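Coordinate inspection notes
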Amino acid sequence: MARKFLYGFAFLILIVVAALFALRIWSDRLAEIALVPTSAFVEQQALAQNAYEDPVMWFSRPGILPEKNPARWQPSTAPSASGATQAGGAPAPAPAEPQAPATPPAPAPHFAVFFVHPTSYLQRAQWNAPLDDPESQARARIFLRGMASPFAAATEIWAPRYRQATFGAFLTDAPEAQRAIDAAYRDVEQAFDYFLESVDPNEPIVLVGHSQGSLHILRLLKERIAGTPLQARVAMAYPVGWPISLEHDLPALGLPACKMADEAGCVASWVSFAEPAEPESLLRRYGASIGFDGQPRGDGPVLCVNPLTGTEGGEAPASANLGTLVPNADLTAGELVPGAVPARCDSRGLLLIGDPPELGPYVLPGNNYHVYDIPLFWANLRQDVARRLGTWTAAH
């Protein structure tokens, strides 16, 4: 079953690659035809008020056995902070089988993570994924293994199931697309309320998401957290893989960009490209979208906090990379490989990782490493969150 999940994930990426390759070669219209639903939007009925009391509504939460909790998965080996060597391999999503780490994560203060997974529903039959769709739910679990696992030192990791907007909703300006995204956010917001009710009110919170999940995390920051007492409990926010305009988005979040490696209560985000980077299609669509201040985002820079240094901007060599999550040939196991890739923030706010690692069909057109934003820097993220939680704890 685990191997089937991995093959399903590989097939998922191939579909996305094929669609985006067509977008690059032909037109935005072609991508819409392939992936954007043509059916009428169906209003999502609100979940029951107590829906998230049911453990079934969570991929990860206290009470789920570690071997059945994808967010608690750990690689089979752990990196060393010294003696890193250049790796010939390349990052990939985490394998499906839980394995005992060779070295346990570094001790960290008690904290609770709220993690929102990225889009795993590609069908165009509906604007929002049904909660009982087996393919998207299996893919979401695989995403958690690769993207939530760096935060496994947390006392609690909560990752809700939600009626996510379909992939095609992010390729069109049709009003149905925003309605689908809004519906997905309402589920996430309801899950977040239950999360807050359930965790220790004195415990710091870390918010993590990727892609669509990051968009929902950003909206929580803007609408539910900024300027409220809850803001002081947010020790860190990692809304990775979704561009954040420095001018039109960041000021509305309540938290600043991370300027120092040991700073707490800040936002760290990046979008990864190998060189030569070809982000024009992404930046064009993003620039035309409306920022959190109600204005078009335009062509200004986006936030880039370098995951190898923990600071906004700057660069670091591959030797600073403590461990990239790398699979074996058939994706049935994985390990952390130090020194795999460097990282440099450019003037646009893109995170550039140098020459493209050999990943075959898993890389998106334009040298876009979106799928690997977190696995590329898995071990550095594990250290980053522990260091920042130490700062938060000392200050409180």
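Whatever comes next refers back to the structure up there.
Summarised in this report is the structure supplied together with it. (Residues numbered from 1 in each chain as written. Predicted model: local features only at pLDDT ≥ 70, side-chain atom pairs only at ≥ 80, totals over all residues. Heavy atoms only, no water.)

**Some thoughts on the overall build of the chain**
Here is the rule: Each helix is a run of H or I in the DSSP string that is no shorter than four residues. Each strand is a run of E no shorter than two, and both are numbered from the N terminus. Accessibility here uses a 1.4 Å probe with only protein chains present; expressed as a share of the type maximum, an area under 20% marks a residue as buried, one over 50% as exposed, and anything in between as partly exposed. Every residue pair with non-hydrogen atoms within 4.5 Å of one another is taken to be in contact. With residues, only the protein chains shown are counted as cover, and all accessible areas are computed by Shrake-Rupley using a 1.4 Å probe.
What the chain contains, in helices and strands, is seven helices and 14 strands. Per-residue burial for the chain yields a buried fraction of 57% across its 396 residues. Counting contacts in the chain only where the partners sit at least 6 residues apart, residues at least 24 apart contribute 80% of the total. Approximately 15700 Å² of the chain is accessible, and the part contributed by carbon and sulfur atoms is 56%.

**Observations concerning the pairing of strand E2 (residues 112-116)**
Put simply, the rule is: DSSP-based pairing: two strands are paired if at least 2 bridges between them are found. With its strands directed away from the observer, a crossover is right-handed exactly when the path from the first strand over the helix to the second travels clockwise.
Taking burial as the measure, the five residues of E2 include five buried ones, the bulk of the element. The alternating pattern of E2 places Ala112, Phe114 and Val116 on one face and Val113 and Phe115 on the opposite face, and all of these are buried. As judged from the three bridges shared by E2 and strand E3 (residues 156-160), these two strands associate in the parallel manner. Paired with Ala112 across the strands is Glu156, a residue of E3. In terms of handedness, the path from E2 via helix H3 (residues 134-147) over to E3 forms a crossover that is right-handed. Here five bridges tie E2 to strand E4 (residues 205-210), and the two strands are oriented parallel to one another. The residue of E4 that forms the bridge with Phe115 is Val208.

**Remarks on the sheet that holds strand E14 (residues 351-352)**
Read from one edge of the open sheet, four strands run E7-E14-E13-E10, paired in mixed fashion. Pairing within the sheet leaves two strands with one partner each, and these edge strands are strand E7 (272-273) and strand E10 (315-316).

**Side note on the packing of aromatic side chains**
Cut-off, in case you're wondering: Here a pair means two rings of Phe, Tyr or Trp (six-membered ring of Trp) with centres within 6.5 Å. Their orientation is stacked below 30 degrees between planes, edge-to-face above 60, and tilted elsewhere. Throughout this description, the term charge over a ring refers to an Arg CZ or Lys NZ atom that lies within 6 Å of the ring centre and within 35 degrees of the ring normal.
In total, this model carries 12 aromatic pairs according to the counting rule given. An aromatic cluster is defined as three or more aromatic residues linked by ring pairs; in this entry it consists of Tyr52, Trp58, Phe114, Trp158, Phe192, Tyr194 and Phe195. Geometry around Phe292 places Arg297 over its ring, the cationic atom sitting 5.7 Å from the centre.

**Regarding the pattern of salt bridges**
Put simply, the rule reads: Here, a salt bridge means any Lys or Arg side-chain nitrogen found within 4 Å of an Asp or Glu carboxyl oxygen.
All chains considered together, the criterion is met by 15 salt bridges. Here Arg219 makes a salt bridge to Asp182, at a shortest N to O gap of 2.8 Å. Of this pair, Arg219 sits in helix H5 (residues 212-225) while Asp182 sits in helix H4 (residues 175-198), and the two are 37 residues apart along the sequence. Within the structure, one salt-bridge network assembled from shared partners comprises Glu43, Arg179 and Arg186.

**What about H3?**
Going by this rule: Expected span, for any helix, means 1.5 Å times one less than how many residues it has.
With 14 residues, H3 should cover 20 Å at 1.5 Å per step; its first-to-last C-alpha distance of 20 Å lies within 8% of that length. Where H3 is concerned, the buried positions are Ser136, Gln137, Ala138, Arg139, Ala140, Ile142, Phe143, Leu144, Arg145, Gly146 and Met147.

**Some points on helix H7 (residues 378-395)**
An ideal rise of 1.5 Å per residue puts 26 Å on 18 residues; H7 measures up with 26 Å between its terminal C-alpha atoms. Buried within H7 are the following residues: Trp378, Ala379, Asn380, Leu381, Arg382, Asp384, Val385, Ala386, Arg388, Leu389 and Trp392.

**Considerations on the sheet that holds strand E5 (residues 234-240)**
Sheets are built from strands paired through backbone hydrogen bonds, the pairs being either parallel or antiparallel. For clarity, the threshold we go by: Every axis corresponds to a line fitted to the C-alpha atoms, with the helix fit spanning only the stretch in contact, and the corresponding angles, defined between N-to-C directions, vary from 0 to 180 degrees.
An order of E1-E3-E2-E4-E5-E6 is seen for the six strands of this open sheet, with the pairing classed as mixed. Two strands lie at the open edges of the sheet, namely strand E1 (58-60) and strand E6 (266-267), each paired on one side alone. Of the strands in this sheet, E1, E2, E3 and E4 touch H4, which is tilted by about 170 degrees from E2. Sheet strands in contact with H7 are E4, E5 and E6, and its direction is about 155 degrees off that of E5.

**So, unusual backbone geometry**
Cis geometry is adopted by the peptide bond preceding Pro276, which originates at Glu275 and carries an omega value of 0 degrees. Within the secondary structure layout, Pro276 lies in the loop between E7 and helix H6 (280-288). Not every positive phi belongs to a glycine, and Ser211 is a case in point at roughly 55 degrees. Topologically, Ser211 is positioned in the loop between E4 and H5.

**Thoughts on the environment of Arg233**
Inspection of the secondary structure puts Arg233 in the loop between H5 and E5. On a C-alpha basis, the gap between Arg233 and Val206 in space is 8.7 Å, while along the polypeptide they are 27 residues apart. Those residues within four positions of Arg233 in sequence are excluded, and the remaining contacts are Val199, Asp200, Pro201, Glu203, Pro204, Ile205 and Trp392.

**Remarks on the state of the cysteines**
To keep things clear, this is the line we draw: Cysteine sulfur atoms that come within 2.5 Å of each other are treated as a disulfide pair.
Scanning the model with the defined rule gives two disulfides in all. Across the disulfide, Cys258 is cross-linked to Cys266 (sulfur-sulfur distance 2.0 Å). Between Cys258 and Cys266 the sulfur-sulfur dihedral comes to about 95 degrees; the bridge is accordingly right-handed. As far as the burial class goes, Cys258 and Cys266 line up, both buried. Covalently, Cys304 is tied to Cys345 through a disulfide, its sulfur atoms 2.0 Å apart. Taking the torsion about the sulfur-sulfur bond, which here is approximately -75 degrees, the covalent link between Cys304 and Cys345 counts as left-handed.

**Topic: the nonpolar core**
One broad trend across soluble globular proteins is that nonpolar side chains are buried collectively. Quick reminder of the rule: Residues grouped as a nonpolar core are buried Ala, Val, Leu, Ile, Met, Phe, Trp, Tyr and Cys residues, joined through side-chain atoms within 4.5 Å.
Counting residues in hydrophobic clusters, the biggest one holds 100 residues, and the most contacted among them are Phe114, Leu207 and Tyr238. In terms of residues, this core owes the most to one element, H4, which gives 10 residues. If you look at the next biggest cluster of nonpolar residues, it comprises six residues, including Trp73, Leu322, Leu325 and Leu336.

Limitation: the analysis is restricted to geometry and does not speak to function.
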